[in-house]
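Structural overview
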Amino acid sequence: MTLASLLPALAASPSAAVAVTGLASDSRCVAPGDLFLALAGGRFDGRRYIGQAIAAGAVAVLVEAGAGLAAGYADAAYADAGATLVDRARVFADAQIIAQVQTAGQNRVNGDQDLASLKSGQLLIGMMDPLGNPAFAQQLAGQGVSAMAMELIPRISRAQSMDVLSSMAMIAGYKAVLIAASTSPRMLPMNMTAAGTLNAARVFVMGAGVAGLQACATARRLGGIVEAYDVRAAAREQILSVGAKPIELKIETAGAEGKGGYAAEQSEEFLRKQREAMGDVLAQQDIVITTAAIPGAKSPVLVTADMVRRMKPGSVIVDLAAERGGNCELTQLGKVVVENGVTILGPDNVPATVPFHASQMYGKNVENTLSHLINKEGQLNYDLEDEIVVGTLVAYQGEVPHKRMRELLGLAPKA
Ligand code: NAD
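Here the residue numbers are simple positions, counted from 1 along each chain's written sequence. Where totals are concerned, whole chains, interfaces and linings use all residues; where local detail is concerned, this predicted model gives features only for residues with pLDDT of at least 70, and gives and counts side-chain atom pairs only at 80 or more. Side-chain calculation: all heavy atoms of the structure are included, whereas hydrogens and water are not.

1. Notes on the sheet that holds strand E15 (residues 393-395)
Quick note on the threshold: Here, any two strands with at least 2 DSSP bridges between them count as paired. Working definition: helices are DSSP H or I runs of at least four residues, strands are E runs of at least two. Numbering for both runs from the N terminus. Interaxial angles span 0 to 180 degrees and are taken between N-to-C directions of axes, which are lines fitted to C-alpha atoms, for helices over the stretch in contact. Contacts are assigned to residue pairs that have any heavy atoms within 4.5 Å of one another.
As summarised here, the arrangement of the four strands in space is E3-E4-E5-E15, forming an open sheet in which the pairing is mixed. Of all strands in the sheet, those bounded by a partner on one side alone are strand E3 (97-102) and E15. Neighbour-to-neighbour, the strand axes of this sheet turn through a mean angle of 25°, independent of strand direction. Judged from the four bridges that link them, E3 and strand E4 (residues 123-127) form a sheet pairing that is parallel. Following the sheet pairing, Ala 99 is matched in E4 by Ile 125. Packing of helix H5 (residues 135-142) onto the sheet brings it into contact with E4, strand E5 (146-149) and E15, and relative to E15 it is tilted by some 65°.

This is the structure:
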């Protein structure tokens, strides 16, 4: 039995074939949502599509029965693509590579059971909150399991097709506008009717990264008047490109762009000046979408309780940073807070509410990651000189090799 690729499994076209599912709306990507793959015998060129590989008998793909249903993928679609539908236990027993949406460590429903089922020599790939829960990688390493954390895919051009955070952010930005629109007491587009003119809603997007730009584009399509702000100077052109107006604050933002295009953490002094300048802008808005995040750190507070109290009653804030503390001081994760007539929503795991496309994109990201890992001979190849492998591998050969995670765990740097 080789570790031939299950990779293109996830790309088998249509992606429904083995689309990674499990972004079901009822939970954080737990069953029925996880995709498992097993490989059984033979060698094949890891870069070929799984359909060919399956046809050649080179690889077996196991999918947990019912895994895709909640996301709109029937078992029959997987079976048609050549996968074998099995129960969860069999997946863990037989698979050499296990791909999940959320792995144990994050999966609150059957994560513990999955962890107990993982065996030495298996590769686990999925989202596992490596920076929030680094001890989990240590546990996997202790069990002899290798693990790739999809959240850590580096932000470099050649890894773009593997970048799950971008995929999920795009979906979250879109959905945030729909959530806001359905909560707002107003319509978004301007309408001239026999009963008078209805003014277009004003939408303000704070943080113009992947989610923010998608929010701008979606709000524009719905007919809103859209403005956006970001701490990174480079965001200005991007805001304009999606038809929104950039808001500029007269405060120094040198050094706002950190490594890999992400924002750098700003000083408390900067954030205070930013809030002062932002209060007036917020007071004019009907909808505010906040998306500002700093990788691995708590989200900056951009909207204080005082600023909320200055906003118009009936306005709505959708805080996409809620999972990491929120950009609004009043946000409560998964709850609706109403303050002075302003509704503040802190939705949890927004991509899970668009599971069909979230799964399709996630599946493709995983497939591309595995394609990268598997060589022409169909063997798993952990190239420890490669930035993508080094940046993503969190458990390997009984250790946690990842530099940042070793720091978080208080482990000495690896020689
Ligand atoms: P993110 O989710 O980490 O943050 C969202 C946005 O919030 C960012 O634009 C950030 O600048 C902004 N922000 C942070 N602190 C802020 C503050 N105090 N005030 C206002 N805004 C603040 O970022 P993201 O959306 O994942 O992407 C950020 C950048 O990286 C974008 O330019 C994106 O195009 C780029 N990117 C590059 C690649 C790649 O090269 N492979 C992949 C994805 C994204």
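2. So, the packing of helix H6 (residues 164-183) against helix H7 (residues 210-221)
To be explicit about the condition: Should the near helix be turned anticlockwise from the far one by less than a right angle, the crossing is left-handed, and should it be turned clockwise, the crossing is right-handed. Under the scheme applied, nonpolar residues are Ala, Val, Leu, Ile, Met, Phe, Trp, Tyr, Cys and Pro; charged residues are Asp, Glu, Lys and Arg; polar residues are all the others, including Gly.
Contact geometry of H6 with H7 gives a least axis separation of 7 Å together with a crossing angle of 35°. Taken as a pair, H6 and H7 cross one another with a handedness that is right-handed. Along its contact with H6, which presents Ser 166, Ala 169, Met 170, Gly 173, Tyr 174, Val 177 and Leu 178, the element H7 presents Val 210, Ala 211, Gln 214, Ala 215, Thr 218 and Ala 219. Across the contact of H6 with H7, the residue classes break down as nine nonpolar, four polar and no charged.

3. Thoughts on the site of the ligand
Our working definition: Any residue with a heavy atom lying within 4 Å of a molecule or strand is counted as near it. Any N or O atom pair separated by 3.5 Å or less is treated as a polar contact, with the protein-specific requirement of one donor-capable and one acceptor-capable atom, and with residues adjacent in sequence counted only for side-chain atom pairs. Under the convention used here, a 1.4 Å probe and the Shrake-Rupley method define accessible areas, while residue burial counts only the protein chains that appear.
Not every one of the 25 residues close to the ligand is listed here, only the nearest: Arg 155, Ser 166, Val 210, Asp 230 and Arg 232. Interatomic distance of 3.5 Å between a backbone N/O atom of Ile 156 and a nitrogen atom of the ligand. Coverage of the ligand by the protein amounts to 87% of the 830 Å² it exposes when considered alone. Across the shell around the ligand, the residue classes tally to 13 nonpolar, eight polar and four charged.

4. Description of the pairing of E4
Let me state the cut-off plainly: To sort residues, take the accessible area from a 1.4 Å probe on protein chains only and compare it with the maximum for the residue type: under 20% means buried, over 50% means exposed, and anything in between is partly exposed. By convention, a crossover is right-handed whenever its connection, traced from the first strand over the helix to the second and viewed with the strands pointing away, goes clockwise.
Burial of E4 is extensive: five of the five residues sit out of reach of the surface. Traced from E3 through helix H4 (residues 111-117) to E4, the parallel crossover comes out right-handed. Both E4 and E5 contribute to a ladder of four bridges, which runs parallel. Within E5, the residue paired with Ile 125 across the bridge is Met 148. Handedness of the β-α-β unit built from E4, H5 and E5 comes out right-handed.

5. Concerning the sheet that holds strand E11 (residues 287-290)
Pairing within the open sheet is mixed, and its seven strands lie in the order E10-E9-E8-E11-E12-E14-E13. Looking at the sheet topology across the chains shown, the edges are occupied by strand E10 (245-246) and strand E13 (336-339). Taken together, the four bridges between strand E8 (residues 202-206) and E11 define a ladder with parallel strand orientation. Bridge pairing in E11 places Met 206 opposite Thr 290. Of the strands in this sheet, E8, strand E9 (225-229) and E11 are in contact with helix H9 (residues 268-283), which crosses E8 at around 170°.

6. A few points about the pattern of salt bridges
Where charged atoms from two side chains of opposite charge come close, those side chains can pair. Going by this rule: Any carboxyl oxygen of Asp or Glu within 4 Å of a side-chain nitrogen of Lys or Arg constitutes a salt bridge here.
This model, assessed by the stated rule, comprises 21 salt bridges. The partner of Arg 272 in a salt bridge is Glu 276, with the nearest N and O atoms 2.7 Å apart. Of this pair, Arg 272 and Glu 276 both sit in helix H9, four residues apart, roughly one helical turn. Classification of Arg 272 as partly exposed rests on a relative accessible area of 36%. Salt-bridge contacts for Asp 286 lead to Lys 312; the nearest nitrogen and oxygen are separated by 3.0 Å. With Asp 286 in the loop between H9 and E11 and Lys 312 in the loop between helix H10 (305-309) and strand E12 (316-319), the pair connects residues that are 26 residues apart, well separated along the chain. With relative accessibility at 5%, the residue Asp 286 sits in the buried group. Using a relative accessible area of 31% as the deciding quantity, one classes Lys 312 as partly exposed.

7. A look at the packing of aromatic side chains
Rules: Pairing of aromatic side chains requires ring centres within 6.5 Å, counting the rings of Phe and Tyr and the six-membered ring of Trp. Pairs whose planes differ by under 30 degrees are stacked, by over 60 edge-to-face, and all others tilted.
Applying the stated criterion across every chain yields a total of two aromatic pairs. Aromatic pair Tyr 73 and Phe 356: ring centres 4.6 Å apart, planes at 10°, arrangement stacked. Here Tyr 73, found in the loop between strand E1 (62-64) and helix H2 (75-80), pairs with Phe 356, found in helix H11 (residues 355-373); they are 283 residues apart in sequence, far enough to count as distant. The buried category is assigned to Tyr 73, whose relative accessible area is 2%. Phe 356 gets classed as partly exposed once you look at its relative accessible area, which sits at 36%. Relative to Tyr 396, the ring of Tyr 382 lies with its centre 4.7 Å away and its plane at 50°, an arrangement referred to as tilted. With Tyr 382 in the loop between H11 and helix H12 (387-392) and Tyr 396 in the loop between E15 and helix H13 (403-409), this pair connects stretches of sequence that are 14 residues apart. Per residue, the accessibility class of Tyr 382 equals that of Tyr 396, and both read buried.

8. Points about H5
Which entries qualify depends on this criterion: Regarding the arc, it is the one traced by the directions from the helix axis to the C-beta atoms.
Looking only at H5, the buried set comprises Phe 136, Ala 137, Leu 140 and Ala 141. All buried residues of H5 project into a common sector of 140° when viewed along the axis, lining one side. Taken from the residues just after H5, Gly 144 is the one with a positive phi, measuring 80°.

9. Focus on the environment of Asp 230
Assignment of secondary structure puts Asp 230 in the loop between E9 and helix H8 (235-241). Counting along the chain gives 18 residues from Asp 230 to Glu 248, while the straight-line C-alpha distance between them is 8.4 Å. If near-sequence neighbours (up to four positions away) are discounted, Asp 230 is found in contact with Gly 207, Ala 208, Gly 209 and Ala 235. Here Ala 208 takes part through its backbone nitrogen, which lies 2.6 Å from a polar atom of the side chain of Asp 230. Among the polar contacts made by the side chain of Asp 230, one reaches the main-chain amide nitrogen of Arg 232 at a distance of 2.7 Å.

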